[in-house]
Amino acid sequence: MSRQKGDRALTKNIVPCTNELMKQAEMVVRTVFPWMTPFEWLSFIAIRHRDSFLGRLLSRVAGVEDLVAFDVYLDETNAVRGTTGLYRYEKDAHEAVWVAWFCVDPAVRGRGVGQALIDHTVERARNAGFKKIRLYTSTDPNEETAQRLYERNGFKEVRRERGLFTTIIFRERTIPDAEQGVV
Ligand SMILES: CC(C)(COP(=O)(O)OP(=O)(O)OC[C@H]1O[C@@H](n2cnc3c(N)ncnc32)[C@H](O)[C@@H]1OP(=O)(O)O)[C@@H](O)C(=O)NCCC(=O)NCCS
């Protein structure tokens, strides 16, 4: 398996999160991120209710312009084992899309699912016409593997901010046109 690009077989198992899959997706997210900020908590409820007025209202309160995607990785038994999302913030909606809820169930880590989710997310952003993709992560030891994955995939650190318990790391990368072929 390539360390640079995700396994195509894995990428094929990444699908939009339907309402039926939402509970499972939430379980994975809650397992991986037991400590959420009020903003993150709110934005996740907004995802759950994304088709309703409540969801749109909560998104606005959280400063989110719109949810571009919320997708899940399904294992061979069709159980949700990973999640990834894309959304736009009101403040920079004109130029960038943000990655959210990128995580993999601890039980299936180290098999390339994370890489496949990154490939998929970048491709999604490219297909939606975005040229810049941003995200924030942190110095929490739980997110250490993600830093290597992000670096390998061209998400460069652009700034740091002191959070309550950890330091928040902001990263971004540009999305080359498909014909240039570098994901
Ligand atoms: C970051 C995260 C998504 C990675 O998920 P993953 O499925 O384990 O990712 P991958 O398998 O693609 O890659 C992880 C490592 O396993 C290695 N790997 C990939 N396929 C492998 C295989 N078949 N055999 C052995 N190792 C493999 C990768 O090279 C990578 O190595 P590294 O530790 O040197 O970086 C996961 O660790 C996670 O959910 N972390 C907590 C949440 C988080 O930090 N999210 C992002 C911040 S907001």
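Cut-offs used in this document
Residues numbered from 1 in each chain as written. Predicted model: local features only at pLDDT ≥ 70, side-chain atom pairs only at ≥ 80, totals over all residues. Near = placed C-beta within 6 Å. Helix = DSSP H or I, 4+ residues; strand = E, 2+ residues; numbered from the N terminus. Nonpolar A, V, L, I, M, F, W, Y, C, P; charged D, E, K, R; others polar. Pairing = 2+ DSSP bridges. Axes fitted to C-alpha atoms, helices over the stretch in contact; angles between N-to-C directions. Buried ≥ 20, exposed ≤ 12 C-beta atoms within 10 Å, placed from the backbone. Parallel < 35°, antiparallel > 145°, perpendicular 65-115°, else oblique. Left-handed = near helix turned anticlockwise from the far one by under 90°. Contact = placed C-beta atoms within 7 Å. Expected span 1.5 Å × (residues − 1).

Bringing the site of the ligand into the picture now. Neighbouring residues of the ligand: 20 residues in total, closest Arg 109, Gly 114, Gln 115, Glu 143 and Ala 146. When contributions to the shell around the ligand are tallied by element, the ones reaching two or more residues are strand 4 (97–104), helix 5 (113–127) and helix 6 (144–152). Of the residues forming the shell around the ligand, the biggest block, 4 residues, is contributed by helix 6. Of the residues belonging to the shell around the ligand, the class tally is 8 nonpolar, 7 polar and 5 charged.

To continue, consider the sheet that holds strand 1 (residues 14–16). Strand pairing in a sheet takes place through backbone hydrogen bonds and is either antiparallel or parallel in direction. Taken in spatial order, the 7 strands make up an open sheet running 1-2-3-4-5-7-6, and their pairing is mixed. Of all the strands in the sheet, just strand 1 and strand 6 (156–162) have a single pairing partner and so form its edges. Here the average twist between neighbouring strands, direction ignored, is 25°. Pairing geometry for strand 1 and strand 2 (residues 64–74), over 3 bridges, is antiparallel. If you follow Val 15 over to strand 2, its bridge partner there is Val 72.

What follows concerns the pairing of strand 3 (residues 80–89). Of all the 10 residues making up strand 3, 9 are buried; the element is thus mostly covered by neighbouring parts of the structure. Direction of pairing for strand 2 relative to strand 3: antiparallel, over a ladder of 9 bridges. Looking across to strand 3, one finds that Phe 70 is bridged to Gly 85. In this antiparallel pair of consecutive strands, strand 2 and strand 3, the connection spans 5 residues, and Asn 78 shows a positive phi of 65°.

Another point: the packing of helix 3 (residues 38–48) against helix 4 (residues 53–61). How two helices pack is summed up by the angle between their axes together with the distance between the axes. Remark: helix 3 packs on helix 4, axes separated minimally by 8 Å, with the N-to-C direction vectors making an angle of 155°. Classified by the angle their axes make, helix 3 and helix 4 are roughly antiparallel. Seen along the crossing, helix 3 lies across helix 4 with a hand that is left-handed. Side by side, helix 3 and helix 4 meet where Leu 42, Ile 45 and Ala 46 of the first sit next to Gly 55, Leu 58, Ser 59 and Val 61 of the second. Tallied by class, the residues present in the contact of helix 3 with helix 4 amount to 5 nonpolar, 2 polar and no charged.

A word on the pairing of strand 7 (residues 167–174). By the bridge criterion, 7 bridges tie strand 5 (residues 132–138) to strand 7 in an arrangement that is antiparallel. Bridge pairing links Leu 135 to Arg 171 in strand 7. Alignment of strand 6 against strand 7, held across 6 bridges, turns out to be antiparallel. Directly across from Lys 156, in strand 7, lies its bridge partner Glu 172.

This paragraph deals with helix 5. Between its first and last C-alpha atoms helix 5 spans 21 Å; for 15 residues at 1.5 Å apiece the expected length is 21 Å, and the two agree. Buried residues dominate helix 5, accounting for 12 of its 15 residues. Those residues of helix 5 that fall on the buried side of the exposure criterion are Val 113, Gly 114, Gln 115, Ala 116, Leu 117, Ile 118, Asp 119, His 120, Thr 121, Val 122, Arg 124 and Ala 125. Gly 129 occupies a position one or two residues after helix 5 and carries a positive phi of about 90°.

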